[in-house]
Amino acid sequence: MKAITNIAIPELPWSRSEIILEIISLAGLIFLGWVFISVYPALPARIPTHFGLSGEPNGWGAKATLLPIFLITPAFYLLLTILNHFPRLHKYPVVITAENIERQYRLLRSLSAWMKA
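Model, not experiment: these values are computed from the prediction.

## What to know about the packing of aromatic side chains
If you walk through the whole model with that rule in mind, you get 3 aromatic pairs. The rings of Phe36, Tyr40 and Phe70 are connected pair by pair, giving a single aromatic cluster. Over the ring of Tyr105 we find Arg109; its NZ or CZ atom is 5.4 Å from the centre of that ring. The ring centre of Tyr77 lies 4.8 Å from the NZ or CZ of Lys116, which sits over that ring.

Right under this line is the structure:
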């Protein structure tokens, strides 16, 4: 598995599915932020953090345990977005050639878009 080294990376337009997935991702981030900001102040100081097979809570924690989820989600989105601009940093399952670079780069962007959504 080699990274791209000396092959020119084509500038590819976004596909319709990539645009739709990006919109879904951004809408999800906005919704997450809105829900977190509107609900967080009303939460009790102690919230359930784990549920058993019966559906009953069997783990408890401070409401601040929700803060990492709120912070990690947009950070993950941003990291994947930035990494898409540097395809040479990725590892590919095949040797990159001039013939397959466009397909591999499109597959990489598609995977990233699905992961963000």
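## Describing the pattern of salt bridges
Evaluation of the coordinates by the stated rule reveals 3 salt bridges. Of the charged contacts in the structure, one is a salt bridge between Glu18 and Arg109, with a shortest N-O distance of 2.9 Å. Here the residue Glu18 occupies a position in helix H1 (residues 16-39), and Arg109 occupies one in helix H3 (residues 101-116), the gap between them amounting to 91 residues. Across the pair, exposure class does not vary: Glu18 and Arg109 are buried alike.

## A look at helix H2 (residues 67-84)
The end-to-end C-alpha distance of H2, which contains 18 residues, comes to 27 Å, matching closely the 26 Å that a straight helix rising 1.5 Å per residue would cover. Of the surrounding secondary structure, the elements contacted by the buried residues of H2 are H1 and H3.

About the criteria used
Residues numbered from 1 in each chain as written. Predicted model: local features only at pLDDT ≥ 70, side-chain atom pairs only at ≥ 80, totals over all residues. Heavy atoms only, no water. Phe/Tyr/Trp six-rings, centres within 6.5 Å; stacked < 30°, edge-to-face > 60°. Lys NZ or Arg CZ within 6 Å of the ring centre and 35° of its normal. Salt bridge = Lys/Arg side-chain N within 4 Å of Asp/Glu carboxyl O. Helix = DSSP H or I, 4+ residues; strand = E, 2+ residues; numbered from the N terminus. Buried < 20%, exposed > 50% of the residue type's maximum accessible area, 1.4 Å probe, protein only. Expected span 1.5 Å × (residues − 1). Contact = heavy atoms within 4.5 Å.

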